[in-house]
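Descriptive structure summary
What follows is each chain in one-letter form.
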Amino acid sequence: GIVDEAERTAALVNHLLDSQVLKSCEKVFDAFDESLMFQEEHLPTLVTLKRNFKSVFHNISDIFNCVKCQRCRLHGKMQLLGLGTALKLLLLPDELITLSRDEVIALFNTLGKFSESLEAIPELVQLYWQQKTTPIDTGEEIKADVTPREETKTKTTKRLALKAVKSSIVHGFISSDQEDALVDAVLDANEDLMLLVEYYGDDPQAFVRHALRRISGSGLQVVSSQNDFDAVVVGGGLAGLTTALTLLDRGARIAIVDKEPFLGGNSAKASSGINGIDENSVYRNDSVEEFERDVLIGGGRSPDDSNPLVKTLTGGSVDALHWLRTRCGLPLEMIGQLGGHSHPRTHRPAKGLAGAELVTAVQSLLQEYSKNNRLVIFKKTEVIKLLRSSNGKNVSGVKCRNVESMEEFELQGDNIVIATGGYGYDTSSGSLLNMHRSDLTKFATTNGKFATGDGIKLVQDDNIQGKTVDMSRVQLHPTGFIDMSDLKAKVKKLCAELLRGVGGILIDPTGKRFANELGTRDYLSSRMLQRQPGVEQPAFTLVLNRIAAEKANVHVPMYLKRNLLVQFDNVEQVADWMNISSSVLKTTLKEYDDLPLVGGVDEFGKNNFPSVPFMDNGPYYVGKVTPVLHYCMGGIEIKEHGQVIDKNGNIIPGLYAAGEVTGGVHGKNRLGGNALTECVVFGRQVGMTIPLSKTVKLDKTVKSKTKTRISTISGGELLNHSSRADCWVQIQDLVYDLSNFIDEHPAGPEPILELCGMNGTEEFEEIHSIELLKGFEVIGRIAP
């Protein structure tokens with residue numbers, strides 16, 4: 001019996017070990033052999049026990065090398081390192097303890113996991129006492145301390161109820177107004193809700209349904225499933241937000257999914273403006289045809305080409321400007337001319353940065369739809385797979401994963417829109433950038449850490465077999481700021497092309513101009529690399545005079561505060577900062593000032609000289625710049641209305657794409673200002689093209705019986721939240737939690753870090769409008 005069973009087990013284990021998965025993992029079972037703890041014949045001492053324990057612990061760590069999934073292996077080793085660090089702290093004398101940075105990070109990660117587990121204890125206690133509602137008659141008196149105190153029971157019940165509400169809002173079962181009403185009722189210890197949670201606490205959807213009926217008295221129907229969308233938009237940048245708002249205005253019900261804790265993406269970083277043909281502009285000599293010609297030539301194509309995507313981009317820019325002004329309320333009253341454009345057609349707001357203002361305007365309109373459950377937004381959620389319909393033809397859903405809880409769920413939609421942006425951040429060995437342009441991975445980038453090509457990978461999956469185009473066409477922007485305090489930074493702040501558009505000039509290390517500052521980005525980057533061949537980080541100087549700085553009256557103060565621009569009174573000081581002869585620099589500036597007087601065209605073909613003269617026109621504003629990874633012209637191949645194409649050239653039913661995730665629009669080079677144009681134009685195209693089989697009537701929304709309370713926060717309490725991980729900032733009389741936004745702030749993390757725990761009203765209002773804060777959590781109101 002026992003011997004036969006042992007032999008059978010051994011045979012099965014050996015067969016498993018001989019398999020491909022575990023062929024190199026023979027130690028996997030030895031790792032859990034408890035006899036290794038007691039290898040001495042005599043009773044082990046504390047020292048030997050510690051030594052043996054360490055040996056067993058190392059054996060366990062070996063088994064992670066058997067895990068094939070790199071991500072799973074990394075998570076496992078991180079967890080094990082955290083446990084090992086905790087044991088080191090417990091078992092070693094204080095004077096022998098030394099911890100590496102990785103050990104500290106792993107320890108806090110592990111403690112966080114344990115903290116999540118500890119949160120479940122009140123719920124488990126509550127379940128225990130529910131099972132003990134019928135006492136056993138033992139003839140003995142029941143002691144009073146056996147039953148939990150009423151106060152503890154109430155707190156536990158509230159926690160269960162709040163967890164049910166949170167789960168429902170995360171999965172799109174309820175609207176934000178319904179969430180507010182339920183939270184208020186729970187915190188007020190509504191007797192009916194406290195009773196409901198005792199019986200329905202383990203079924204959040206049922207609890208919420210009954211709770212809403214009870215507190216509203218209107219028989220309100222709660223959405224019974226998250227799988228009820230006309231479209232699921234993957235990506236929350238300007239392209240995705242524009243698509244969603246256009247669809248919502250047509251009566252659709254929409255879900256937006258974004259892996260970040262906030263919306264906006266790289267769109268929020270764009271600052272120079274959005275290109276478009278304004279039929280009411282004073283620049284009446286411009287036209288859609290001229291715009292189309294500039295895009296074709298700038299992208300390395302013949303001006304006679306007939307590219308339907310370019311025609312859509314340029315022709316659609318007329319409607320895009322009109323829509324932004326009339327539907328979104330953005331005046332876009334300023335206009336400039338960027339590199340590669342034959343006319344001024346780049347529009348921007350008078351206050352604030354263009355990308356952030358556009359994103360904020362659209363997002364504020366979307367919030368109105370989220371109140372009645374027409375729009376559900378899933379943040380901190382990544383899409384890991386596109387789903388086909390039962391007939392295998394249409395794309396009809398997405399498989400999602402919450403990036404914090406790792407919970408997976410599916411969303412069904414009649415249409416799926418991919419708007420996840422480009423792949424200009426990830427330079428790792430398996431990245432799209434490394435695969436298609438490994439020669440560019442040495443450059444720093446302006447992209448957020450989220451720009452990893454997720455949408456392209458989803459469409460390339462064997463299940464979808466979407467087609468890509470121009471994947472090797474990746475743009476180097478010529479002017480990324482070199483932060484003198486962090487010379488080797490992987491992510492650099494973009495020096496907006498607007499600064500060259502208003503008259504800024506580029507000077508090489510010898511004090512000479514070397515290119516047409518209003519040339520295309522690929523041209524300028526190439527000239528810079530030719531000027532300093534083989535240099536790891538080529539460095540050039542951007543110079544603005546007083547006239548140019550006044551035209552860039554939002555950008556220049558912002559860059560000065562970040563120490564990316566430096567102000568000098570005269571040319572001699574500029575030359576000294578550049579470490580060149582002042583006479584050489586004066587000669588360069590004098591020759592530039594004379595160009596409009598001697599024919600109007602310089603040796604580099606430049607014929608537009610804004611903001612001259614430079615000499616004797618200080619103060620001067622200068623900064624160091626270098627070429628940086630900025631934009632991906634390649635991506636998913638689409639038709640002019642955003643329909644995605646498969647590898648056989650056929651439209652994939654139900655699948656659309658818009659924004660930087662697509663390819664084929666810009667050719668080998670994108671003109672400045674066209675990124676935001678592409679987002680709005682193609683977002684509008686997709687939003688107007690998607691067929692709606694049904695429209696959703698406005699849901700009734702539950703209004704809270706008690707007004708949502710806003711806490712009063714003292715200056716001392718505000719000061720207590722002044723770290724990177726816990727950053728509260730006062731703006732006007734409200735306090736906001738900006739912790740999750742620090743690393744993605746378009747101007748870099750420093751402006752927010754400097755204001756953590758402080759009143760940042762003055763600094764904020766210098767750059768932004770108060771509308772920008774609509775999407776951020778209000779912590780409370782500052783005490784008078």
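Quick summary incoming for the structure in this document. The structure presented is a predicted model; accordingly, all values stated were derived computationally and were not measured.

Our next topic: the overall build of the chain. When its secondary structure is counted, the chain shows 26 helices and 23 strands. Out of the 784 residues belonging to the chain, those deemed buried represent 49%. A sequence separation of at least 24 residues applies to 71% of the contacts in the chain between residues at least 6 apart.

Moving on to a nonpolar patch on the surface. A cluster of nonpolar side chains, contributed by L89, L99, V104, F108 and L111, occupies part of the molecular surface with about 410 Å² of accessible area. With respect to the helices, strands and loops of the structure, L89 is situated in helix α4 (residues 70-91). The class for L89 is partly exposed, based on a relative accessible area of 33%.

The next point concerns the environment of V628. Following the sequence through the fold, V628 ends up in strand β15 (residues 620-632). Between the C-alpha atoms of V628 and Q475, which are 153 residues apart in sequence, the distance is 8.3 Å. Leaving out residues up to four positions away in the same chain, V628 has contacts with A444, T446, Q475, L476, H477, G480 and K492.

This brings us to the pairing of strand β7 (residues 381-388). Pairing between β7 and strand β8 (residues 395-402): seven bridges, direction antiparallel. Opposite T381, over in β8, you have N402 as the bridge partner. Connecting the antiparallel pair β7 and β8 is a turn made up of six residues, with G392 showing a positive phi of about 80°.

Before going further, it helps to examine the packing of helix α12 (residues 288-298) against helix α13 (residues 308-326). Direction vectors running N to C along α12 and α13 enclose 140°, while the axes themselves pass 9 Å from each other. It follows that α12 is oblique to α13 by the angle criterion. In this structure, α12 meets α13 at a crossing whose hand is right-handed. Mapping the contact onto sequence places V288, F291, E292, V295 and L296 in α12 and V310, K311, L313, T314, G315, S317 and V318 in α13. Broken down by class, the residue content of the contact of α12 with α13 amounts to seven nonpolar, three polar and two charged.

Attention now moves to the sheet that holds strand β5 (residues 346-348). Taken together, the three strands give an open sheet; going across it, the order is β3-β5-β4, and neighbouring strands pair in antiparallel fashion. For this open sheet the edge positions go to β3 (274-275) and β4 (334-336), each flanked by a neighbour on one side alone.

Next up on the list: the side chain of T346. Inspection of the secondary structure puts T346 in strand β5. Of note is the side chain of T346, whose polar atom sits 2.6 Å from the side chain of N275. Aside from chain neighbours lying at most four places away, what touches T346 is S272, G273, I274, N275, M334, I335, G336 and L338.

According to the stated counting rule, one finds six aromatic pairs in the structure shown. Plain terms: the ring middles of F378 and F409 are 5.6 Å apart, the flat faces sit at 40° to each other, and that makes the pair tilted. Of this pair, F378 sits in strand β6 (residues 375-378) while F409 sits in strand β9 (residues 408-418); the two residues are 31 residues apart in sequence, bridging distant segments of the chain. The exposure classification of F378 matches that of F409, with both residues buried. Summarising the aromatic geometry, the rings of F568 and W577 are spaced 6.1 Å apart at their centres and angled 50° between planes, so their arrangement reads as tilted. What makes F568 buried here is its relative accessible area of 14%. The rings of Y592, F609 and F614 are connected pair by pair, giving a single aromatic cluster. One cation-aromatic arrangement involves K490 over Y425; the distance from NZ or CZ to the ring centre is 4.6 Å. One Lys or Arg, R670, reaches over the ring of Y631 and ends 4.2 Å from the middle of that ring.

This part covers the pattern of salt bridges. Tallying each qualifying case throughout the model produces 28 salt bridges. Note that R437 and D439 form a salt bridge whose closest N and O atoms lie 2.8 Å from each other. Taken together, the shared-partner salt bridges connect E382, K399, R401 and E408 into one network.

This part is about α12. Residues of α12 that are buried: F291, E292, D294, V295, L296 and G298. On the buried face of α12, the contacting elements are β3, α13 and α23 (674-689). Directly after α12, the chain includes G300, whose backbone phi takes a positive value near 80°.

Cut-offs and rules
- Residues numbered from 1 in each chain as written.
- Predicted model: local features only at pLDDT ≥ 70, side-chain atom pairs only at ≥ 80, totals over all residues.
- Heavy atoms only, no water.
- Helix = DSSP H or I, 4+ residues; strand = E, 2+ residues; numbered from the N terminus.
- Buried < 20%, exposed > 50% of the residue type's maximum accessible area, 1.4 Å probe, protein only.
- Contact = heavy atoms within 4.5 Å.
- Patch = residues over 30% accessible without salt bridge, like charges linked within 9 Å, V, L, I, M, F, W, Y side chains within 5 Å.
- Areas by Shrake-Rupley, 256 points an atom, 1.4 Å probe, with all protein chains shown as cover.
- Salt bridge = Lys/Arg side-chain N within 4 Å of Asp/Glu carboxyl O.
- Pairing = 2+ DSSP bridges.
- Axes fitted to C-alpha atoms, helices over the stretch in contact; angles between N-to-C directions.
- Parallel < 35°, antiparallel > 145°, perpendicular 65-115°, else oblique.
- Left-handed = near helix turned anticlockwise from the far one by under 90°.
- Nonpolar A, V, L, I, M, F, W, Y, C, P; charged D, E, K, R; others polar.
- Polar contact = N/O pair within 3.5 Å; in protein donor to acceptor, adjacent residues only side chain to side chain.
- Phe/Tyr/Trp six-rings, centres within 6.5 Å; stacked < 30°, edge-to-face > 60°.
- Lys NZ or Arg CZ within 6 Å of the ring centre and 35° of its normal.

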